[in-house]
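Examination of the molecular architecture
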Amino acid sequence: VYLMGYPGLTLARDVRPLEVGVCSDRVDAAVGTSALELATWVSDHPGIATDGPSPVEIGGLTGYQLDVSIAEEWPKSSCPGMEGFVAVEPIEGAFLADLAEGTGEFGEWYATSRLILLDLPDGGNVLIQIDGTQVDAAMPVVRSFEFDLS
């Protein structure tokens, strides 16, 4: 469920892992949806370059954050509308695309991002995606978030 989008900052609830593939939009039901399971999935994804997850607490919720970019060896897309671009979406809502080699109207897609994955008390999750070029400006805002834990 998409919660909020602002240039450089996106929130979504109850995101799920997507199967590995250049054009995959199918959920990988074999992977869990806790913050740790999703962070591990992203960290191990062949289309993602990262130093791995680190623990984080935001607004009373705990989880993991990762600074991610597109892996150098990830192939260019053959997806309709994305032909020739390098793009990867390891989990719903966490789309990365290197648009430097082409032009187009693609919305809020980033070549680098900070992904923050948080566990909700009801068993769900929250994804916070920050444009990698906006992390310093966005983190004070993210740290100010308060979640209703009741």
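Treat the numbers as computed from the prediction; the structure is a model and nothing was measured.

Some thoughts on unusual backbone geometry
- Of note in this structure, aspartate 14 is not a glycine but carries a positive phi near 55°.
- If you trace the backbone, aspartate 14 turns up in the loop between strand E2 (9-13) and helix H1 (35-44).
- Judged by relative accessible area, which is 31%, aspartate 14 ranks as partly exposed.

So, the environment of alanine 30
- Within the secondary structure, alanine 30 sits in the loop between E2 and H1.
- For alanine 30, a relative accessible area of 75% gives the class exposed.
- It is 9.4 Å that separates the C-alpha atoms of alanine 30 and glutamate 19, two residues lying 11 residues apart in sequence.

Considerations on the confidence of the model for the chain
- Per-residue confidence for the chain gives a mean pLDDT of 85, with 85% of residues at or over 70.
- Within the chain, strand E1 (residues 2-6) has the poorest average pLDDT of any element, 52, and strand E4 (residues 54-58) the best, 98.
- Counting contacts from residues 101-107, a segment whose pLDDT is below 50, to residues more than four positions away or on other chains yields 9 contacts.

Examining the pairing of strand E8 (residues 112-119)
- Within E8, 6 of the 8 residues are buried, which leaves the element mostly enclosed by the surrounding structure.
- Where strand E5 (residues 61-70) meets E8, 7 bridges bridge the pair, whose relative direction is antiparallel. Across the sheet, the residue bridging to glycine 63 is leucine 118, located in E8.
- Relative to strand E9 (residues 125-131), E8 runs antiparallel, the two sharing 7 bridges. Counted as the bridge partner of aspartate 119 is asparagine 125 from E9.

Structural notes on the packing of aromatic side chains
- Counted under the stated rule, the structure contains 1 aromatic pair.
- A centroid spacing of 6.3 Å and a plane angle of 90° characterise the contact between phenylalanine 145 and phenylalanine 147, whose relative ring orientation is edge-to-face.
- By relative accessible area, phenylalanine 145 is classed as buried at 15%.

Here we look at the pattern of salt bridges
- Here the structure, examined in full by the defined rule, presents 5 salt bridges.
- Salt-bridge contacts for aspartate 14 lead to arginine 13; the nearest nitrogen and oxygen are separated by 3.0 Å.
- As a salt-bridge pair, glutamate 92 and arginine 16 come within 2.8 Å of each other at their nearest N and O atoms. Taken as a pair, glutamate 92 in the loop between strand E6 (86-88) and strand E7 (96-98) and arginine 16 in the loop between E2 and H1 lie far apart in primary sequence, 76 residues in all.
- When its relative accessible area of 21% is taken as the criterion, glutamate 92 is described as partly exposed.

Procedures and definitions
- Residues numbered from 1 in each chain as written.
- Predicted model: local features only at pLDDT ≥ 70, side-chain atom pairs only at ≥ 80, totals over all residues.
- Heavy atoms only, no water.
- Helix = DSSP H or I, 4+ residues; strand = E, 2+ residues; numbered from the N terminus.
- Buried < 20%, exposed > 50% of the residue type's maximum accessible area, 1.4 Å probe, protein only.
- pLDDT = per-residue confidence, 0-100.
- Contact = heavy atoms within 4.5 Å.
- Pairing = 2+ DSSP bridges.
- Phe/Tyr/Trp six-rings, centres within 6.5 Å; stacked < 30°, edge-to-face > 60°.
- Salt bridge = Lys/Arg side-chain N within 4 Å of Asp/Glu carboxyl O.

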